[in-house]
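Breakdown of the fold
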Amino acid sequence: MTKSLDGAALHTLMEGVCRHIVANADVLSEADRAIGDGDHGIGMRRGFESALEALNTQNPQTPEQVMKSMGTAIMAKTGGAAGAVFGTLFRSGAKALEGKAHLDAAGFAAFLEAALDGVVKRGGVVQGQKTMVDALAPAAAAVKAVAGGSLGQALDAAATAAQQGVESTKAMVATTGKARSLGERSLGFVDPGAVSISLIFNAMRDGASGN
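Counting restarts for each chain, with residues numbered from 1 along the sequence as it is written. The model is predicted, so local features are restricted to residues of pLDDT at least 70 and side-chain atom pairs to those at 80 or more, both for listing and for counting; the totals for chains, interfaces and linings are taken over all residues. In computing side-chain properties, one takes all heavy atoms of the structure into account and sets aside hydrogens as well as water.

1. Considerations on helix H1 (residues 7-23)
Note the following rule: Helix numbering and strand numbering both begin at the N terminus, where a helix is a DSSP run of H or I of at least 4 residues and a strand a DSSP run of E of at least 2. Here the expected length of a helix is defined as 1.5 Å per residue gap, with one fewer gap than residues. Under the scheme applied here, a residue whose accessible area is under 20% of the maximum for its type counts as buried, over 50% as exposed, and between as partly exposed, the area being computed with a 1.4 Å probe on protein chains only. Between N or O atoms, a polar contact is any pair within 3.5 Å; within protein, one atom must be a potential hydrogen donor and the other a potential acceptor, and residues adjacent in sequence are included only when both atoms are from side chains.
Spanning 17 residues, H1 covers 24 Å between terminal C-alpha atoms, matching the ideal 24 Å at 1.5 Å per step. Among the residues making up H1, those that are buried are Gly7, Leu10, His11, Leu13, Met14, Glu15, Val17, Cys18 and Ile21. Capping the start of H1, Asp6 holds a side-chain oxygen 3.2 Å from the backbone nitrogen of Ala8, two or three residues further along.

Okay, structure coming up:
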């Protein structure tokens, strides 16, 4: 199990995350077509392509710089509400990594706690409203519970909890965002933002384990 990652290793890992989101843009748009206008994947592709470019051109050296660089690029290029909340996720989480030379399980827990707090404040949403928070909040809680272990364990916990969060959104009625107008017709479908969170954590887990 990976114990921790230095700035260079995290840089490489997050490049893989960006590529994974870009490769799954059609999956995200398909999920969005069920309860939205189908453009979530387009925006996420744009934002994470920009994040990948930022990582390559700016060459951030520390965990804080890596995450902040990504968040700034995502916020600038994704567009719409997704750009605001996913950019906030990385930028807010980065603040918890200030001064850290490595990302370990405890640091990842702090990152997710700060990220969740930032997203909730920025989006004005809480768990249970069929949004990305329904995958992010369980992931943050799961990682906090294993913060004394290895980073590999923390990433596995995040990926597992996020996927469970995605599945939980099927039973939720959307009460915010574009899907709100559907009311109970949104039942039975996953939230595309939650799917994006799951893809991010899956890519982090698999990348860190060498898969």
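From this point on, the discussion continues.
2. Overview of the nonpolar core
Rule in force here: Here, nonpolar core refers to any group of buried Ala, Val, Leu, Ile, Met, Phe, Trp, Tyr and Cys residues whose side-chain atoms link them within 4.5 Å.
Formed by 62 residues in total, the largest nonpolar core has its most connected members in Met14, Phe48, Met67, Phe90, Phe108, Phe201 and Met204. The dominant element in this core, judged by the number of residues it contributes, is helix H9 (residues 192-208), at nine residues.

3. As for the pattern of salt bridges
Applied cut-off: Every case where a carboxyl oxygen of Asp or Glu lies within 4 Å of a side-chain nitrogen of Lys or Arg is listed as a salt bridge.
For the structure on display, the rule yields six salt bridges. With a closest N to O distance of 3.5 Å, Asp26 and Arg45 form a salt bridge. One end of the pair, Asp26, is in helix H2 (residues 25-35); the other, Arg45, is in helix H3 (residues 40-58), and 19 residues separate them in sequence. Given a relative accessible area of 28%, Arg45 falls into the partly exposed group. Salt-bridge contacts for Lys170 lead to Glu167; the nearest nitrogen and oxygen are separated by 3.0 Å. With relative accessibility at 39%, the residue Glu167 sits in the partly exposed group. One connected set of salt bridges, linked through shared partners, spans Asp156, Arg205 and Asp206.

4. Some details on the packing of helix H6 (residues 105-123) against helix H7 (residues 133-145)
Cut-off, in case you're wondering: Between N-to-C directions, angles cover 0 to 180 degrees, with each direction set by a line fitted to C-alpha atoms, over the stretch in contact for helices. These descriptions rest on fixed angle ranges, namely under 35 degrees for roughly parallel, over 145 for roughly antiparallel, 65 to 115 for roughly perpendicular, and the rest for oblique. In this scheme the handedness of a crossing depends on how the near helix is turned from the far one: anticlockwise by less than a right angle means left-handed, clockwise means right-handed. Every residue pair with non-hydrogen atoms within 4.5 Å of one another is taken to be in contact. Any residue outside Ala, Val, Leu, Ile, Met, Phe, Trp, Tyr, Cys, Pro, Asp, Glu, Lys and Arg is labelled polar, Gly included; the first ten of those are nonpolar and the last four are charged.
Where H6 meets H7, the closest approach of the two axes is 9 Å, and the angle between their N-to-C directions is 150°. Accordingly, the angle class assigned to the pair H6 and H7 is roughly antiparallel. As H6 runs across H7, the sense of the crossing is left-handed. Taken together, the residues of H7 that come into contact with H6 (itself represented by Ala105, Phe108, Ala109, Leu112, Ala115, Leu116, Val119 and Val120) are Val133, Leu136, Ala137, Ala139, Ala140, Val143 and Lys144. Residues belonging to the contact of H6 with H7 are distributed by class as follows: 14 nonpolar, no polar and one charged.

5. A closer look at H9
Since there are 3.6 residues in each turn of an α-helix, residues three or four apart along the chain are aligned in direction. The terminal C-alpha atoms of H9 lie 24 Å apart, and with 17 residues this matches the ideal 24 Å at 1.5 Å per residue to within 8%. With 14 of its 17 residues buried, H9 lies for the most part within the structure. You can read the cap of H9 off the contacts: a side-chain oxygen lies 3.0 Å from the backbone nitrogen of Gly193, and it is on Asp191. Within two residues after H9, Gly210 carries a phi angle of roughly 85°, on the positive side.

6. A few points about the packing of helix H5 (residues 80-95) against H6
Where H5 contacts H6, the axes come no closer than 7 Å and their chain directions differ by 140°. By the angle between their axes, H5 is oblique relative to H6. For the crossing formed where H5 meets H6, the hand is right-handed. Only Phe111, Ala114, Ala115, Gly118, Val119, Arg122 and Gly123 of H6 make contact with H5, whose side of the interface consists of Ala84, Val85, Thr88, Leu89, Phe90, Ser92, Gly93 and Ala94. By residue class, the composition of the contact of H5 with H6 is nine nonpolar, five polar and one charged.

7. Concerning the side chain of Thr78
Mapped onto the secondary structure, Thr78 falls in the loop between helix H4 (63-77) and H5. At 2.7 Å, the side chain of Thr78 and the backbone oxygen of Ile74 are in polar contact. Contacts of Thr78, omitting those with residues within four sequence positions, involve Gly43, Met44, Arg46, Gly47 and Gly83.

8. Looking at the packing of aromatic side chains
Spelled out, the test is: Pairing of aromatic rings covers Phe, Tyr and Trp, the last counted by its six-membered ring, and requires centre-to-centre distances within 6.5 Å; plane angles under 30 degrees mean stacked, over 60 mean edge-to-face, and any other angle means tilted.
Under the counting rule described, the total for this entry stands at four aromatic pairs. Here the aromatic rings of Phe90 and Phe111 are separated by 6.4 Å at their centres, their planes lie at 55°, and the arrangement is tilted. With Phe90 in helix H5 and Phe111 in helix H6, the pair connects residues that are 21 residues apart, well separated along the chain. Take Phe111: its relative accessible area is 2%, and that puts it in the buried class. When the centroid spacing of 6.1 Å and the interplanar angle of 85° are considered together, the rings of Phe108 and Phe201 count as edge-to-face. Of this pair, Phe108 sits in helix H6 while Phe201 sits in helix H9, and the two are 93 residues apart along the sequence. Both residues of the pair, Phe108 and Phe201, count as buried. Taken together through their ring pairs, the aromatic side chains of Phe48, Phe90, Phe108, Phe111 and Phe201 make up a single cluster.

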